Amino acid sequence: TRSTRPQRMLKAVQKNATKGNPQSVISAIDYFCKNSEWAMNVGDEKGSILDSVVTEVNPSTVLELGTYCGYSTVRIARLLSPGTKLITLEFNPAYAAVARQIIAYAGLQDKVTLVEGSSGEWIPQIKERFGITTFDFIFLDHWKDQYLPDIKLFEECGLLRKGSVLLADNVICPGAPDYLEYVRNSPRYESRYYPAHLEYTKLEDGLEKSVFLG
Ligand SMILES: O=C(NC/C=C/[C@H]1O[C@@H](n2cnc3c(NCCO)ncnc32)[C@H](O)[C@@H]1O)c1cc(-c2ccc(F)cc2)cc(O)c1O
Ligand SMILES: [Mg+2]
């Protein structure tokens, strides 16, 4: 049977990247998406903004929603301080399997806990299962209509503290209008839009950074 796009992306990483070198894995995926097949990774332009926010926050606790093939997982994990791990949630087993291999190829498996399951099911269990009180940094890049229900779930589960930073991909394309309206109008968040482009295209897109005010 025909291979899947994530499987072809993994092959491109194994062929073109250097084992244990996260930057070469990032470059190999971006090259594949620019020259072979578009894929919904955050990409290099928005990825640089992601890098700068992660570096600025220097988080001790990190959550990613929507691993897909692990591109942004690798971008984030490569910047974390020694001993810091990130939790990434992915409910599609085929995508999770590819992501595990891409994360391992980058040599970052010890900095990543990939949980196969849905955010709605797992967010309420994180405190007890992982001994985490609150998250310093959360990257949202899963189904766009789930951003709003999940941020409300973070509030309900007490997973945010004064200063927690949430960064959301695709707030323009495909868009998350209800999420944007919420974080931009809620007195509990200080929100800022980072304009960029949809990965590997000239279409407008951007990231929304929202700081929880407690
Ligand atoms: O749709 C986009 N991303 C979705 C990501 C889904 C991944 O996350 C996983 N996932 C989804 N919901 C959950 C969940 N919880 C929610 C369900 O319970 N819990 C755990 N994992 C979840 C999926 O299994 C996938 O691995 C997108 C589209 C374009 C795009 C733009 C323009 C175009 F023309 C075409 C496409 C650009 C982008 O950057 C994009 O991110
Ligand atoms: Mg995205």
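Heads up: these notes are all about the structure in this document. (Residues numbered from 1 in each chain as written. Chains lettered and ligands numbered in written order. Predicted model: local features only at pLDDT ≥ 70, side-chain atom pairs only at ≥ 80, totals over all residues. Heavy atoms only, no water.)

## Description of the nonpolar core
Side chains that are nonpolar tend, in soluble globular proteins, to be buried together. Applicable threshold: Buried Ala, Val, Leu, Ile, Met, Phe, Trp, Tyr and Cys residues that are joined via side-chain atoms within 4.5 Å together make up what is termed a nonpolar core. Buried means the residue's accessible area, taken with a 1.4 Å probe over protein chains only, is under 20% of the maximum for its type, while exposed means over 50%, and partly exposed covers the values in between. Whether two residues touch is decided by their heavy atoms; if any such pair falls within 4.5 Å, the residues are in contact.
I29, I76, I102 and F137 are the most contacted members of the largest nonpolar core, which has 44 residues in total. With near-sequence residues (within four places) excluded, F137 lies in contact with L50, V53, V54, V57, P59, T61, V62, L63, I76, V165 and L167. If you look at the next biggest cluster of nonpolar residues, it comprises 29 residues, including I132, L148, L160 and L166.

## Describing a nonpolar patch on the surface
For the record, the criterion: Two distance rules govern patches: like charges are joined within 9 Å, and nonpolar side chains (Val, Leu, Ile, Met, Phe, Trp, Tyr) within 5 Å, applied only to residues with over 30% relative accessible area and no salt bridge. Here the Shrake-Rupley method, with its probe set to 1.4 Å, supplies the accessible areas, and only the displayed protein chains count as covering residues. Throughout this description, the term salt bridge denotes a Lys or Arg side-chain nitrogen within 4 Å of a carboxyl oxygen of Asp or Glu.
A surface patch of nonpolar side chains, amounting to about 440 Å² of accessible area, comprises W38, M40, F91 and W143. Owing to a relative accessible area of 36%, W38 belongs among the partly exposed residues under this scheme.

## Concerning the site of ligand 1
The line we're drawing: We call a residue near a molecule or strand as soon as one heavy atom of that residue lies within 4 Å of the molecule or strand. The definition of a polar contact used here is a pair of N or O atoms within 3.5 Å, where within protein one atom must be able to donate a hydrogen and the other to accept one, and adjacent residues in sequence count solely through side-chain atom pairs. Where helices and strands are cited, they refer to DSSP runs of H or I of at least four residues and of E of at least two residues respectively, numbered from the N terminus. For this classification, the nonpolar set comprises Ala, Val, Leu, Ile, Met, Phe, Trp, Tyr, Cys and Pro, the charged set comprises Asp, Glu, Lys and Arg, and every other residue, Gly included, is treated as polar.
Around ligand 1 there are 23 residues in total, and E90, S119, K144, N170 and E199 lie nearest to it. A distance of 2.9 Å is found between an oxygen atom of ligand 1 and a side-chain nitrogen or oxygen belonging to K144. In isolation ligand 1 offers 820 Å² of accessible surface; the protein chains occlude 82% of this area. Listed by contribution, the elements that provide at least two residues to the shell around ligand 1 are β2 (86-90) and α9 (171-175). In terms of residue class, the shell around ligand 1 is made up of 10 nonpolar, 8 polar and 5 charged.

## Section: the sheet that holds strand β7 (residues 204-212)
The strands making up a sheet associate through hydrogen bonds between their backbones, and the pairing can be parallel or antiparallel. For clarity, the cut-off: In this description, strands pair whenever DSSP reports at least two bridges between them. To get an axis, a line is fitted to the C-alpha atoms, and for a helix only the part in contact is used. The angle between two axes follows their N-to-C directions and goes from 0 to 180 degrees.
One open sheet holds the 7 strands; their spatial order is β3-β2-β1-β4-β5-β7-β6, and the pairing between them is mixed. A single partner strand is all that each edge strand has here, and the edge strands are β3 (112-116) and β6 (189-197). Strand-to-strand twist across the sheet, computed as the mean angle between neighbouring axes with direction ignored, equals 15 degrees. Taken together, the 5 bridges between β2 and β3 define a ladder with parallel strand orientation. Counterpart to L89 in the pairing with β3 is V115. Packing against the sheet, helix α3 (residues 43-57) makes contact with β4 (137-140), β5 (165-168), β6 and β7, and its axis sits at approximately 145 degrees to β6.

## Looking at unusual backbone geometry
That bond from C173 to P174 is cis: its omega, 5 degrees, falls within 30 degrees of zero. One can find P174 in helix α9. Located in the positive-phi region is Y68, a residue other than glycine, with phi close to 55 degrees. Along the chain, Y68 falls in the loop between β1 (62-65) and α4 (71-77). At N170, a position not held by glycine, the phi torsion is positive, near 65 degrees. Tracing the backbone shows N170 in the loop between β5 and α9. On the accessibility criterion, N170 (4% relative accessible area) is buried.

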